[in-house]
Amino acid sequence: VATLVLVVLDVLYMFAVCFFSNNIAIAVEVVEVGSHVVGHQPSMLLYPFTTVAAVLVLSVYFVFAGAYIGTLDASAIDDALGNFSEYNVTEDLQEVAADYGAEA
């Protein structure tokens, strides 16, 4: 039984190869052109790694910035905003704490 299943799969595979032979030829040509580009500009191989490195650096920066901002107390935020905002974080946090029965 397993032999018949494998024979059927093999025949289907052969039909697929014959049916997609044009696409396979195009894929081979694309690989050849890519190899010529890498042959003329080997530095192209480093491009994906530089992109990943830049994304990692930015991610680390935003994680540290978020952690710093997240650990600020309300008075530090009020001092940082200064005259730029009418928003008073300390008073708002005290109101929220009072609503929940806690102290800010």
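Along each chain, numbering runs from 1 in the same order as the chain's sequence is written. Per-residue local features are limited, in this predicted model, to residues with pLDDT of at least 70; the limit for side-chain atom pairs, both in listing and counting, is 80 or more; totals at the level of whole chains, interfaces and linings are taken over all residues. With hydrogens and water stripped out, all remaining heavy atoms of the structure feed into the side-chain values.

Draft legend 1. Seen up close, the overall build of the protein chain. Within the protein chain, the secondary structure is distributed over 5 helices and 0 strands. Numbering of helices and strands starts at the N terminus; helices are DSSP runs of H or I of at least 4 residues and strands are runs of E of at least 2. Taken from the N to the C terminus, the helices and strands of the protein chain come in the order α-α-α-α-α. Accessible surface computed for the protein chain: about 9,300 Å², of which carbon and sulfur atoms make up 71%. Exposure was quantified through the Shrake-Rupley algorithm and a 1.4 Å probe, taking into account, for residues, occlusion by the shown protein chains and nothing else.

Draft legend 2. Main features of the packing of aromatic side chains. Pairing of aromatic rings covers Phe, Tyr and the six-membered ring of Trp, with a centre-to-centre limit of 6.5 Å; geometry is then stacked below 30 degrees between planes, edge-to-face above 60, and tilted otherwise. Applying the stated criterion across every chain, the model contains 2 aromatic pairs. Relative to phenylalanine 20, the ring of phenylalanine 19 lies with its centre 5.0 Å away and its plane at 75°, an arrangement referred to as edge-to-face. Summary of the burial criterion: residues with accessible area below 20% of their type's maximum are buried, those above 50% are exposed, and those between are partly exposed, where the area comes from a 1.4 Å probe applied to protein chains only. For phenylalanine 20, a relative accessible area of 40% puts it in the partly exposed group. Judged by centre distance (5.3 Å) and plane angle (70°), the ring pair of tyrosine 61 and phenylalanine 62 falls under edge-to-face. Residues tyrosine 61 and phenylalanine 62 agree in their burial class; the two are exposed.

Draft legend 3. Fine view of helix α1 (residues 2-19). Here the expected span of a helix is defined as 1.5 Å times the quantity of residues minus one. Taking 1.5 Å of rise per residue, 18 residues should cover 26 Å, and α1 covers 26 Å from first to last C-alpha, within 8% of that figure. For α1, the tally of buried residues reaches only 0 of 18 residues, placing the bulk of the element at the surface.

Draft legend 4. Molecular detail of a nonpolar patch on the surface. Surface patches are defined over residues having more than 30% relative accessible area and no salt bridge, joining like charges when they lie within 9 Å and nonpolar side chains (Val, Leu, Ile, Met, Phe, Trp, Tyr) when within 5 Å. Each salt bridge in this description consists of a side-chain nitrogen of Lys or Arg and a carboxyl oxygen of Asp or Glu lying within 4 Å of one another. Taken together, the side chains of Tyr13, Met14, Val17, Phe19, Phe20, Ile24 and Val28 make up a nonpolar region of the molecular surface, amounting to roughly 730 Å² of accessible area. When residues of the nonpolar patch are traced back to their parent elements, those giving at least two are α1 and α2 (21-40). Among the elements that line the nonpolar patch, the one with the most residues is α1, at 4 residues. Assignment of secondary structure puts tyrosine 13 in helix α1.

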